[in-house]
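Tertiary structure, described
In case you want the letters, here they are:
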Amino acid sequence: MRKASFASRGSTIAVVGAGVIGLTTAIRLLEAGFDVTVLSRDHPTETVSAVAAAYWHPFAVAPEHRVLPWARTTYRISRRLATDPSSGVSFKPLRKYYPAGEANTYWMNAAGGYHRLPPEVLPEGATEGYELNVPVMDSSRFVPFLVTWVEDLGGAISLEEVESLASLSGRFDLVVNCAGLGARHLAEDTSVAPIRGQVLRVSNPDQLEPTVISFDVGWEKTYIVPRVSDCILGGTAHSDSWDRQPSAAQTEEILERCARLQPALKNAEIHEVLVGLRPSRPEIRLTLEEQQWGVPVIHNYGHGGAGYTVCWGCASAALSETLRISGIP
Ligand SMILES: Cc1cc2nc3c(=O)[nH]c(=O)nc-3n(C[C@H](O)[C@H](O)[C@H](O)COP(=O)(O)OP(=O)(O)OC[C@H]3O[C@@H](n4cnc5c(N)ncnc54)[C@H](O)[C@@H]3O)c2cc1C
C-alpha cells in the first residue's frame, strides 16, 4: 500500500493549488526533502491570490486562536523576506480606522506593537484609529517570486485540473489540498463559499505617502495600498457572489471612497479593475483525512480574506502534519 512508502523524505506529494497557500506549502514541504508536484487548474498569476492587495490583516477568517499564531509566523517570516527586494515584500505603516462600536484589535498583538491615534488625525466617520507596521506582499511580484522559489527547490508546477482527490490515489503518496474555492467541489465541502472583492490597480501619484490606509464600516471596506510601482484601491466584500465581472458602479464608488481618505487619488490613472472570489469558510480547514480518498489528504483551505496574512503559519502547520503522519521525527 502506498502509505507504507510515505515514511521517507523522498515520498511524492501532490499540492493541489498554486495560489499563495499552495505555493508556500509546497516550499515548506520541499525544504523538508519531499518530492513535490504542484497541480493547478489556473496559472499562478491568474488565481485569486494574484488579485489580492495584499497586506497583513485578517478579514473573514477564523478561528481567532489559530489565526493569531499563524499570522505571527507569517509576520516573522515576512521580516526576513523584506530584506530581499525581489520578493515584493516590504513593511509599511498601516493606519486602521474604525467607526463607533466596530473596533477589533485582537490581531494587532501579533504585530509586536501598535499605538492608538489621537482623535484629531481621524478621518470623518471614524471614532478610533490605530497605527502599526505590517508586511505588504505585492502580489504582482510575490507570486512569481514563490513560483521561482518552488522551482529552485526542485518542485514541479503542472497546469492541470484535478477532477477528484481520489483520482490522485496511486499517483502520489500524499495530497495536500490547497484548492481555495475549488475545495467546494474537490472536498465536497459546501461550507466553502465566495466573498467577492473588487479592487482597482492605479498609478501611484507622487504625493502618496508610503502608508497603508484601511477604514472598514461593516463590510464596506475602503483601503489604499501603495506598492512598488502602483497602488491598489479597495474594495468590496459581497458574500455568496460568484460574479467575476467588474462593476463600473463599484469602480466609481471605490475611487470616491479612497479619494476621500487621500485626495491625491482623484487624479490617479486606473490601469486595471480586478475581481477575486475570496475562499471563505466558517473556519480554515487544516486537517488530515486519511480514509476518504484512497490516498491521505491534508486539507489547507478556507482562508477567506486573509490568505496572505496566515500563509506561512498554515504552511508550517501542513508540514508538521505531514511529518507526523509520515512518522519522521
Ligand atoms: C480583492 C481581494 C483582496 C484581498 N486582500 C487581501 C489582503 O490584503 N490580505 C490578505 O491576507 N488576503 C487578502 N485577500 C485574500 C487572499 O487573496 C486569499 O485568502 C488567498 O488568495 C487564498 O489563497 P489560496 O491559495 O487558498 O486560493 P487561490 O489563490 O484561489 O488558489 C487556489 C488554487 O487552486 C487551484 N484549483 C482549484 N480547483 C482546482 C482543481 N480542481 N484542480 C486543480 N487546481 C485547482 C486554482 O487553480 C488555484 O491555483 C484578498 C482577496 C481578494 C479577492
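Each value, and the rule that gives it
Residues numbered from 1 in each chain as written. Predicted model: local features only at pLDDT ≥ 70, side-chain atom pairs only at ≥ 80, totals over all residues. Helix = DSSP H or I, 4+ residues; strand = E, 2+ residues; numbered from the N terminus. Buried ≥ 20, exposed ≤ 12 C-beta atoms within 10 Å, placed from the backbone. Near = placed C-beta within 6 Å. Nonpolar A, V, L, I, M, F, W, Y, C, P; charged D, E, K, R; others polar. Pairing = 2+ DSSP bridges. Contact = placed C-beta atoms within 7 Å. Axes fitted to C-alpha atoms, helices over the stretch in contact; angles between N-to-C directions. pLDDT = per-residue confidence, 0-100. Core = buried A, V, L, I, M, F, W, Y, C linked by C-beta atoms within 7 Å.

Our focus in this paragraph is the environment of aspartate 152. Structurally, aspartate 152 is set in helix H4 (residues 139-152). The class of aspartate 152 is exposed, set by 10 C-beta atoms lying within 10 Å. A C-alpha to C-alpha distance of 9.7 Å links aspartate 152 and isoleucine 27, two positions 125 residues apart in sequence.

Okay, the environment of serine 86 next. Secondary-structure assignment places serine 86 in the loop between helix H3 (64-81) and strand S3 (89-98). The exposure class of serine 86 is exposed, given the 11 C-beta atoms found within 10 Å. In sequence terms serine 86 and phenylalanine 142 are 56 residues apart; their C-alpha atoms lie 8.0 Å from each other.

Going from alanine 53 to alanine 54, the amide bond is cis rather than trans, its omega being -5 degrees. Checked against the element boundaries, alanine 54 lands in the loop between strand S2 (35-40) and H3. With an omega of 0 degrees, the peptide bond running from alanine 62 to proline 63 counts as cis. Within the element layout of this structure, proline 63 appears in the loop between S2 and H3. Residue alanine 60 is not a glycine yet carries a positive backbone phi of 55 degrees. The topology assignment puts alanine 60 in the loop between S2 and H3. Judged by the 18 C-beta atoms lying within 10 Å of it, alanine 60 is partly exposed. Phi angles above zero are rare outside glycine, and glutamate 188 is one such case at about 50 degrees.

The next point concerns the site of the ligand. As a structural note, the neighbourhood of the ligand is formed by 42 residues, with Gly19, Gly180, Gly182, Gly276 and Gly307 the closest of them. For the shell around the ligand, the elements supplying multiple residues, two or more each, are helix H2 (20-31), S2, strand S8 (193-202), strand S13 (270-280) and helix H7 (307-326). Residue composition of the shell around the ligand, by class: 21 nonpolar, 17 polar and four charged.

Below, the discussion takes up the sheet that holds strand S14 (residues 288-289). If you walk across this open sheet you meet the six strands as S6-S2-S1-S7-S15-S14, and the pairing is mixed. Each having just a single partner strand, strand S6 (156-159) and S14 make up the two edges of the open sheet. Here three bridges tie strand S7 (residues 174-177) to strand S15 (residues 297-299), and the two strands are oriented parallel to one another. The residue bridging valine 175 from the neighbouring strand is valine 297, located in S15. Running over the sheet, H2 touches strand S1 (12-16), S2 and S7 and is turned about 170 degrees from S2.

With that out of the way, let us pick up the confidence of the model for the protein chain. Confidence in the prediction for the protein chain averages 94 pLDDT; 97% of positions are at 70 or higher. The low-confidence segment residues 1-5 (pLDDT under 50) makes six contacts with residues lying over four places distant or belonging to another chain.

Okay, the nonpolar core next. By size, the foremost hydrophobic cluster in this structure holds 94 residues, and its most contacted members are Val175, Leu233 and Cys314. Here this core takes nine residues from H7, the largest share from any one element. The residues contacting valine 175, other than those within four sequence positions of it, are Ala14, Val16, Leu165, Leu168, Val295 and Val297.

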